[in-house]
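# Descriptive structure summary
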Amino acid sequence: MKNRMDFLKMKDNGEKITMVTAYDYPSAKMSEQANIDMILVGDSLGMVVLGYDSTIKVTMDDMIHHAKAVKRGATNTFIVVDMPFMSYHVSLADSLYNAKRLFQETSANALKIEGASEEVLTLTSRLTAAGIPVVAHIGLTPQSVNVLGGYRIQGKDKETAEQLIREAKAIQNSGAIALVLECVPMELAQIITNELDIPTIGIGAGNHCDGQVLVYHDVVNYGVDRLPKFVKAYTDINNSIVNGLQVYVNEVKEGTFPDESHSFSMSPNVLSEIKLGD
Ligand SMILES: Nc1nc(=O)c2c([nH]1)NC[C@@H]1CN(c3ccc(C(=O)N[C@@H](CCC(=O)O)C(=O)O)cc3)CN21
Ligand SMILES: CC(C)C(=O)C(=O)O
Ligand SMILES: [Mg+2]
């Protein structure tokens, strides 16, 4: 399994880091088969697989449940797990307790935390000191969608761009092992990537980041209501799934499924000896 040092080396060598989300055993297994460098058990699971309209209702128990399944599917891939909404904003003690639980119970390799407030920076250095690697996440931070006023691009003007550069440096100083940059202009992502020693992983942040992350269901177009503009769907499994299910429905209705090759039979001798009761 690749680790923190490998990802640093990849940045230094200009080798791109690939990351995809996974939420369950099959998606994790297939991501590992495809040689993905890192898997993110994203709290986007609330939207993509649980059908909520934001990530805000996702709980610690949800994250633990899904992350354990992902770990069983990808035993040889670096796994990052999102800390969910408000699990790291009540008190430092509660945040440390939640992080310990998420890290220990899931056997994750790192935890991801949104934002760069003083409390998040403190938590990042405390977790790092305790032995829990932290991946940071700035730009569009979906847990703050109601404060940001929608899922929109961040850092387009001078002030907010400079703010994000300051945040990125502070995050690195607090010990984070990597930084996710979500929905920022590609030029700003390039500046931040050049300024930092730790790898940047972009989503909707252009081609100059050290790595890229996308949501699994977006990459394969699997049951997503609307693909964000920055997504490229590399295949379309909606159609093959719906087509397969329709043929199944039709064959059951027609009585052509199951045929003999998908059925079990008993020996004629046994069959002839079966007595019906009264
Ligand atoms: N399927 C899916 N993919 C994701 O990447 C994703 C989720 N869900 N859920 C959690 C967050 C939310 N994300 C989102 C969701 C929507 C936009 C979006 O609609 N953006 C606008 C651009 C807005 C602008 O121009 O400022 C777009 O048209 O794509 C962006 C990120 C990223 N994450
Ligand atoms: C979009 C990525 C970075 C994420 O945080 C998630 O999937 O939850
Ligand atoms: Mg997330």
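Procedures and definitions
Residues numbered from 1 in each chain as written. Chains lettered and ligands numbered in written order. Predicted model: local features only at pLDDT ≥ 70, side-chain atom pairs only at ≥ 80, totals over all residues. Heavy atoms only, no water. UniProt positions renumbered as here; feature names shortened; annotations may be inferred. Pairing = 2+ DSSP bridges. Helix = DSSP H or I, 4+ residues; strand = E, 2+ residues; numbered from the N terminus. Axes fitted to C-alpha atoms, helices over the stretch in contact; angles between N-to-C directions. Contact = heavy atoms within 4.5 Å. Parallel < 35°, antiparallel > 145°, perpendicular 65-115°, else oblique. Left-handed = near helix turned anticlockwise from the far one by under 90°. Near = heavy atom within 4 Å. Polar contact = N/O pair within 3.5 Å; in protein donor to acceptor, adjacent residues only side chain to side chain. Areas by Shrake-Rupley, 256 points an atom, 1.4 Å probe, with all protein chains shown as cover. 1 Å grid on protein atoms, 1.4 Å probe; cavity = no way out; pocket = protein on both sides within 12 Å on 5 of 7 lines; lining within 4 Å. Sits in = over half its atoms within 2 Å of the grid points. Nonpolar A, V, L, I, M, F, W, Y, C, P; charged D, E, K, R; others polar.

As annotated in an unreviewed UniProt entry, the chain is 3-methyl-2-oxobutanoate hydroxymethyltransferase from Aquibacillus albus. Quoted verbatim from the Subcellular location (unreviewed entry) field of UniProt, the annotation for the chain is "Cytoplasm".

Right, let's get into the sheet that holds strand 8 (residues 211–214). Around the barrel, which closes on itself, the 8 strands sit in the order 1-2-3-4-5-6-7-8 with parallel pairing between neighbours. Looking at each pair of strands side by side, their axes are set apart by 25 degrees on average, direction ignored. Examined bridge by bridge, strand 1 (residues 17–21) and strand 8 share 4 bridges and lie parallel to one another. Across the sheet, residue Met19 finds its bridge partner in strand 8, namely Val213. Against the sheet, helix 8 (residues 158–173) touches strand 5 (134–139) and strand 6 (178–182), its axis set at about 175 degrees to strand 5.

It is at 7 Å that the axes of helix 2 (residues 25–33) and helix 4 (residues 60–73) come closest, and there the two elements cross at 40 degrees. Viewed along their axes, helix 2 and helix 4 adopt a mutual orientation that is oblique. Like other packed secondary-structure pairs, helix 2 and helix 4 cross with a definite hand, here right-handed. Between helix 2 and helix 4, the contacting residues are Tyr25, Ala28, Lys29 and Glu32 on the first element and Ala69, Val70, Arg72 and Gly73 on the second.

Let us now look at the site of ligand 1. In the neighbourhood of ligand 1, 17 residues make up the surrounding shell, with Ile153, Glu182, Asp218, Arg226 and Lys229 lying closest. Note that an oxygen atom of ligand 1 is positioned 2.6 Å from one of the side-chain N or O atoms of Arg226. Notes on ligand 1: free accessible area 660 Å², of which the protein chains cover 77%. Because more than half of its atoms lie within 2 Å of the grid, ligand 1 is assigned to the largest pocket.

All right, on to the site of ligand 2 then. The immediate surroundings of ligand 2 are formed by Thr21, Leu40, Gly42, Asp43, Ser44, Asp82, Lys112, His137, Val180, Glu182 and Ile203. Interatomic distance of 2.8 Å between a side-chain N/O atom of Asp43 and an oxygen atom of ligand 2. Ser44 is positioned with one of its side-chain polar atoms (N or O) 2.6 Å from an oxygen atom of ligand 2. Burial of ligand 2 by the protein amounts to 95% of the accessible area it has alone, namely 260 Å². According to the grid-proximity analysis, the pocket containing ligand 2 is the largest pocket. Residues belonging to the shell around ligand 2 are distributed by class as follows: 3 nonpolar, 4 polar and 4 charged.

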